[in-house]
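# Per-entry structural report
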Amino acid sequence: MVTTCVTLPAYPLQRFIKRYSFREIDTEGEALVKPLFASDESVLTFSISPTPVLYHTGNQLHQVDLRDRHLFGLQTAYNGYQVFKGVYTMLCVEFTSNGFFSLFKMPMSHIRNNLWCFDDVIGEQLQYMNELLHDKKDYREMAAAVDRFFLKALQKEKTLPKYAAEIAWACAQLRANHTLDIVSLAKNANMSLRSFEQYFIEQVGLSPVLLKRIRRFQQALEMKTSHREESWTSIAYSCNYFDQVHLIKDFKLFSSMTPVQLFRKMPPPEEAIIPS
């Protein structure tokens with residue numbers, strides 16, 4: 001069982017952080033598999049519990065202690081799966097598309113398709129944060145503690161990176177509608193297509209075209225998860241694929257499986273989300 005409570009960060013941080021998600025997981029002795037499909041989100045995890053997670057990546061299996069404050073970069077392809085077994089409590093910081101870049105000036109291509117210790121990426125030790133969060137009564141107090149850290153980081157940055165606002169706007173447009181034309185987006189952002197694509201890759205970690213494809217894949221995945229009775233042909237056309245063959249091609253790239261195989265072997269785990 002996965003239960004998630006979500007809350008917004010402090011107002012000045014909402015340009016950079018989409019939300020905080022407080023997750024409680026109890027697998028009740030069973031193994032809970034979470035596939036690592038293509039995703040356009042970067043997430044920092046603060047774990048309050050000591051239970052480790054198994055990561056299967058390619059032919060390798062390694063055990064990860066989530067208390068090491070892991071930063072999970074966006075994924076442009078299928079990168080294996082996680083196995084949870086036991087009880088977990090964690091606070092996840094979900095960044096906006098170019099929010100992490102805007103706060104820390106780290107090119108997102110450097111953390112793409114990888115799992116990093118947050119301390120190694122930004123050069124600041126945060127061991128104290130796990131202990132601090134452990135002493136908090138509820139997720140709102142935890143969020144307030146994390147707010148203070150990121151507000152301090154924001155104060156160090158006097159100005160936003162060049163074109164950060166334009167790239168953030170373009171990402172929001174593509175998230176809302178993955179069928180939008182890239183040339184038109186660049187024009188509306190008052191940027192040449194070449195500059196738009198270069199800054200987009202630096203700040204987001206992937207090209208606008210690849211973001212469109214991943215968003216479409218995620219939409220199809222979400223539709224099938226919510227409406228299991230819906231046919232894949234219907235979903236393909238609803239998500240603006242040319243046909244079902246086109247959909248299958250993207251599913252193989254972004255999940256390593258056909259749609260039917262995915263939902264038979266590794267369906268996305270169910271999650272009860274409780275808004276704040």
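Residues numbered from 1 in each chain as written. Predicted model: local features only at pLDDT ≥ 70, side-chain atom pairs only at ≥ 80, totals over all residues. Heavy atoms only, no water.

Axis separation between helix H5 (residues 164-176) and helix H8 (residues 208-226) bottoms out at 9 Å; the angle between their running directions is 30°. Taken together, the axis directions place H5 and H8 in an arrangement best described as roughly parallel. As for the relative orientation of H5 and H8, their crossing is right-handed in sense. Between H5, through Cys171, Leu174 and Arg175, and H8, the contact on the second element is made entirely by Pro208, Leu211, Lys212 and Arg215. Residues of the contact of H5 with H8, tallied by class, amount to 4 nonpolar, no polar and 3 charged. (Axes fitted to C-alpha atoms, helices over the stretch in contact; angles between N-to-C directions. Helix = DSSP H or I, 4+ residues; strand = E, 2+ residues; numbered from the N terminus. Parallel < 35°, antiparallel > 145°, perpendicular 65-115°, else oblique. Left-handed = near helix turned anticlockwise from the far one by under 90°. Contact = heavy atoms within 4.5 Å. Nonpolar A, V, L, I, M, F, W, Y, C, P; charged D, E, K, R; others polar.)

The predicted model of the protein chain averages 89 in pLDDT, with 99% of residues at 70 or higher. By mean pLDDT, the top-scoring element of the protein chain is helix H7 (residues 193-204) (96), and the lowest-scoring one is strand S11 (residues 272-275) (70). (pLDDT = per-residue confidence, 0-100.)

Strand-to-strand pairing in sheets goes through backbone hydrogen bonds, with the strands running parallel or antiparallel. Overall, antiparallel pairing links the 4 strands, which are arranged S3-S8-S5-S6 in an open sheet. Sheet topology places strand S3 (32-35) and strand S6 (60-64) at the edges, where each strand pairs with a single neighbour. The average undirected angle you get between the axes of adjacent strands in this sheet is 25°. The pairing of S3 with strand S8 (residues 81-84) spans 4 bridges and is classified as antiparallel. (Pairing = 2+ DSSP bridges.)

With that settled, consider the pairing of strand S4 (residues 43-47). Of all the 5 residues making up S4, 5 are buried; the element is thus mostly covered by neighbouring parts of the structure. Neither face of S4 is exposed, since Val43, Thr45 and Ser47 on one face and Leu44 and Phe46 on the opposite face are all buried. As paired elements, S4 and strand S7 (residues 70-72) share 3 bridges and run antiparallel to each other. Counted as the bridge partner of Leu44 is Leu71 from S7. (Buried < 20%, exposed > 50% of the residue type's maximum accessible area, 1.4 Å probe, protein only.)

What follows concerns the packing of aromatic side chains. Counted by the stated rule, this structure contains 18 aromatic pairs. Between Phe217 and Phe254, the ring centres sit 5.5 Å apart and the planes meet at 50°, which makes this aromatic pair tilted. Separated by 37 residues along the polypeptide, Phe217 in helix H8 and Phe254 in helix H10 (residues 244-255) bring together distant segments of the chain. A residue is classified by how much of its surface remains accessible, and Phe254, at 0% relative accessible area, is buried. Three or more aromatic residues joined by ring pairs form one cluster here, namely Phe37, Tyr78, Phe217, Trp232, Phe251, Phe254 and Phe263. Cation over ring: Arg216 sits above Tyr241, and NZ or CZ is 4.3 Å from the ring centre. (Phe/Tyr/Trp six-rings, centres within 6.5 Å; stacked < 30°, edge-to-face > 60°. Lys NZ or Arg CZ within 6 Å of the ring centre and 35° of its normal.)

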